[in-house]
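Structural features, examined
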Amino acid sequence: MNPLAAALHFQREGWDAVTEFAEKAEAFEEQADRMAEIEVGQTPSEVVYEENKLELLHYEPLTDEQRDVPILIVYALINRPYILDLQPDRSVVRRLLESGFDVYLIDWGEPSKLDVHLTLDDYVNRYVDNCVDVVRERSGQDSINLLGYCMGGTMSAMYAALHPEKVRNLGLMAAGLCFAGTGGILELWGEEDYYSPEQVRRAFGNVPAGFLDVGFALMDPVSNYVTKYLRLYDNLEDDEFVENFARMERWLSEGIDVAGKTYEQFLRDIYQENKLMNGELSLDGKRVDLEEIDMPVLQIVGEYDHLIPPDASKPFNEVVGSDDTTVMEFPTGHIGLSVSGKSHAELWPNVAEWYAERSVPEGREAAAEIEAGTGMPDGVTVERETTRGEGKTAGEAASTADDAEQATPEEPTAEQVGLADDEAAAADVATMDQTETDISEDQEITEGTEIEAETAESGSLRTIEGIGPAYADRLREEGVDGVAALAEADAASLAQRIGVSESRVDAWVEQARERVGDR
């Protein structure tokens, strides 16, 4: 290049950069005001119970009729719960309300120095139990639905094992349950040889939110400390991007401390010694026996979750006492399960339907049936078990999970997945809609069985009151492809094969026979 032309070229580039920076600086001042005014957790609610720092929230219904069995969301002890109600179109709370559920949520608040000695027993057998009793009393139900998120899912599993008579259905979302070499980088960092939760508790008392934030951020330091701010700079003129970025940053900045004794116990007993999965965990002297979890269990896991990898959750279904277990695995990360637009379009309607099919009081199927959705969309991978593996103890299942040779693909970056994967230092939600399209709609399913749209024949089964897509799939797998086949079935045998109560199947068969007789 001509030296004179080169000098002019570099000078022009320099002036362009200066001009761009000046324009960005002007835009930043305006967008800073926008970011400061951002709102979160806008779904109306009221506090119906308080104890110590916790508040039990009850959300205003969004449908004319509500289902009989309510849902209690048990949130994690880390960060604020409004990540489940971030904005109206990305709100787990609203998706459940829109499906006709009566929704409650536990907001733990922040522990004070007086709470440093609170244990898992306090949280599970006192706080959660008291909230469950309040919801049971208000709803008039002997048992209610639980949906536990992350650490709240782990505590919900403990609660269901200790109080199974109070839990109708158990949903576990990104819950850390099995740590036998399956828990990813956090399990590695927290190994007993390298890390002492007792020393951390002695040093801090309650474990500071800032301490936890740094640890989570260091799981992906370039993205969390550099890349996301560069993306903000590049998108300063995009109001929607800026608003989404601000919501996530607000959530990340509002971390809460964790009660010291609970932190120590959770890290030692759950992560380091895997006591829950091995059947060795006790709370207040009572063993947490996973065989007592005899209610339907749903696992909601993120395929790209590096905080709680799928293999830290899924083996749990092999050791519980329930004969109705389901895994819904979605191509997203830890936070993406809550805030991804794709998750809200394709995953949460099916979660609501799973609860709906199992939340109809006996003998009231017709009165309580409220349509929750149709079919399982592409991208949702479902693994369902209706019978448990024979002769496998909790410890053996954990060992199997540890020893099995499983090919683990390289985890996509935040840009590839377009999601926040980290509870305390997530990548920003603002890039989700742009990058979710990078995941092919016909992505090959490598694990489990993908539940496809129902055929016309199996669709006719849904004319039977109480049969939704999930039950229709189970019936089809057993050779019951339509109403006529259902009318000829033996209720007792079919109920045993599909893992549903005989009384419910008998009611279906009677309806089918009436339909066939009317033809």
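Definitions and cut-offs
Residues numbered from 1 in each chain as written. Predicted model: local features only at pLDDT ≥ 70, side-chain atom pairs only at ≥ 80, totals over all residues. Heavy atoms only, no water. Helix = DSSP H or I, 4+ residues; strand = E, 2+ residues; numbered from the N terminus. Contact = heavy atoms within 4.5 Å. Areas by Shrake-Rupley, 256 points an atom, 1.4 Å probe, with all protein chains shown as cover. Salt bridge = Lys/Arg side-chain N within 4 Å of Asp/Glu carboxyl O. Buried < 20%, exposed > 50% of the residue type's maximum accessible area, 1.4 Å probe, protein only. Core = buried A, V, L, I, M, F, W, Y, C linked by side-chain atoms within 4.5 Å. Patch = residues over 30% accessible without salt bridge, like charges linked within 9 Å, V, L, I, M, F, W, Y side chains within 5 Å. pLDDT = per-residue confidence, 0-100. Expected span 1.5 Å × (residues − 1). Axes fitted to C-alpha atoms, helices over the stretch in contact; angles between N-to-C directions. Parallel < 35°, antiparallel > 145°, perpendicular 65-115°, else oblique. Nonpolar A, V, L, I, M, F, W, Y, C, P; charged D, E, K, R; others polar. Lys, Arg positive; Asp, Glu negative; His and termini not counted. Charge placed at Lys NZ, Arg CZ, Asp CG, Glu CD. Arc of directions from axis to C-beta. Pairing = 2+ DSSP bridges. Right-handed = clockwise from strand over helix to strand, strands pointing away. Phe/Tyr/Trp six-rings, centres within 6.5 Å; stacked < 30°, edge-to-face > 60°. Lys NZ or Arg CZ within 6 Å of the ring centre and 35° of its normal.

1. Regarding the overall build of the chain
Counting secondary structure elements, the chain contains 22 helices and 13 strands. Long-range pairs, those at least 24 residues apart, make up 77% of the contacts in the chain between residues at least 6 apart in sequence. Roughly 22300 Å² of accessible area belongs to the chain as shown, and the carbon and sulfur atoms make up 47% of that amount.

2. Here we look at the pattern of salt bridges
Under the defined criterion, the tally for this structure stands at 23 salt bridges. When the shortest N-O distance is used, the salt bridge between Lys261 and Glu264 registers 3.7 Å. On the criterion of helical spacing, the pair formed by Lys261 and Glu264 is a turn pair, its members being three residues apart in helix 10 (residues 260-272). In this structure, the salt-bridge partner of Arg358 is Glu357, at a minimum N-O distance of 3.6 Å. Note on Glu357: relative accessible area 7%, which makes it buried. Connected through salt bridges with shared partners, the residues Arg201, Lys261, Glu264, Arg268, Asp269, Glu273 and Lys275 form a single ionic network.

3. Thoughts on the nonpolar core
Of all hydrophobic cores here, the largest spans 105 residues; its most connected members are Leu72, Ile83, Trp108 and Ile293. Setting aside residues up to four positions removed in sequence, Leu72 forms contacts with Leu56, Tyr104, Leu105, Ile106, Cys131, Val132, Val135, Ile144, Asn145, Leu146 and Leu147. Leu475, Leu494, Ala495 and Ala512 belong to the second largest nonpolar core, which has 19 residues in total.

4. Structural notes on a nonpolar patch on the surface
A cluster of nonpolar residues, Val214, Leu218, Val222, Tyr225, Val226 and Leu230, forms a patch on the protein surface that exposes about 550 Å² of accessible area. Mapped onto the elements, Leu230 comes out in helix 8 (residues 221-234). Residue classification places Leu230 among the exposed residues on the basis of a relative accessible area of 52%.

5. Concerning the confidence of the model for the chain
Summing up the model confidence of the chain, the mean pLDDT is 79 and the portion of residues at 70 or higher is 74%. Contacts for the low-pLDDT stretch residues 365-375, under 50 throughout, to residues beyond four places or in other chains number 27 contacts. Note that pLDDT drops below 50 for residues 386-459; the model gives that stretch 184 contacts with residues more than four away or on any other chain.

6. Remarks on helix 4 (residues 151-162)
The end-to-end C-alpha separation of helix 4 is 17 Å, in line with the 16 Å expected for twelve residues at 1.5 Å each. The buried count for helix 4 comes to twelve of twelve residues, which makes it a mostly enclosed element.

7. Topic: the packing of helix 6 (residues 197-204) against helix 10
Helix-helix packing is described using two parameters, namely the angle between the two axes and the distance between the axes. Between helix 6 and helix 10, whose axes approach to 9 Å, the crossing angle comes to 170°. As judged from the angle between their axes, helix 6 and helix 10 are roughly antiparallel. Every residue of helix 10 that contacts helix 6 at Pro197, Glu198, Val200 and Arg201 is listed here: Gly260, Lys261, Tyr263, Glu264, Leu267, Arg268 and Gln272. Residues of the contact of helix 6 with helix 10, tallied by class, amount to four nonpolar, two polar and five charged.

8. A few points about a negative patch on the surface
Residues Glu29, Glu30, Asp33 and Glu37 make up a contiguous surface patch of negative charge. Checked against the element boundaries, Glu30 lands in helix 1 (residues 3-36). Glu30 sits in the exposed class, given a relative accessible area of 53%.

9. Looking at helix 7 (residues 209-217)
Residues of helix 7 that are buried include every one of Ala209, Leu212, Phe216 and Ala217, and no others. On an axial view of helix 7, the arc spanned by its buried residues comes to 130°, and they lie on one face.

10. Remarks on the pairing of strand 7 (residues 144-149)
Taken across its six residues, strand 7 has six buried, putting it largely inside the fold. Here strand 3 (residues 71-74) pairs with strand 7 via four bridges, running parallel. Counted as the bridge partner of Ile73 is Leu147 from strand 7. As defined by bridge partners, strand 7 adjoins strand 8 (residues 167-173) across six bridges and the pair is classed as parallel. By the bridge assignment, Leu147 is partnered in strand 8 with Gly171. Regarding topology, helix 4 serves as the crossover connection from strand 7 to the parallel strand 8, and that connection is right-handed.

11. Some details on the pairing of strand 2 (residues 54-59)
Within strand 2, five of the six residues are buried, which leaves it mostly tucked inside the rest of the structure. Between strand 1 (residues 45-51) and strand 2, which pair antiparallel and follow one another directly, the connecting turn spans two residues, one of which, Asn52, has a positive phi of 50°.

12. Structural notes on the packing of helix 7 against helix 8
One way to put it is that helix 7 packs onto helix 8 with a least axis distance of 7 Å and a crossing angle of 95°. What the angle tells us is that helix 7 and helix 8 run roughly perpendicular. Contacts from Val214, Phe216 and Ala217 in helix 7 reach Pro221, Asn224 and Tyr225 in helix 8. Here the residues of the contact of helix 7 with helix 8 sort into five nonpolar, one polar and no charged.

13. Things to note about unusual backbone geometry
With a phi angle near 55°, Cys150 is a residue other than glycine that sits in the positive phi range. By secondary structure assignment, the location of Cys150 is in the loop between strand 7 and helix 4. Take Cys150: its relative accessible area is 9%, and that puts it in the buried class. Phi is positive for Ala174, close to 50°, though the residue is something other than glycine.

14. Some thoughts on the environment of Ser343
Within the secondary structure, Ser343 is located in helix 13 (residues 341-357). Counting along the chain gives 253 residues from Ser343 to Arg90, while the straight-line C-alpha distance between them is 8.7 Å. In this view, Ser343 contacts Phe330, Thr332, Gly336, Leu337, Trp348 and Pro349; residues no more than four positions away in its chain are not counted.

15. Things to note about the packing of aromatic side chains
Counted under the stated rule, the structure contains ten aromatic pairs. Summarising the aromatic geometry, the rings of Tyr229 and Phe245 are spaced 6.2 Å apart at their centres and angled 65° between planes, so their arrangement reads as edge-to-face. Taken together, the positions of Tyr229 in helix 8 and Phe245 in helix 9 (residues 239-253) put the pair 16 residues apart, joining distant regions of the chain. Overall, the relative accessible area of 2% leaves Phe245 in the buried class. A connected cluster of aromatic rings, assembled from ring pairs, spans Phe101, Trp354 and Tyr355. The ring of Phe101 has Arg67 lying over it, and the distance from NZ or CZ to the ring centre is 5.1 Å.

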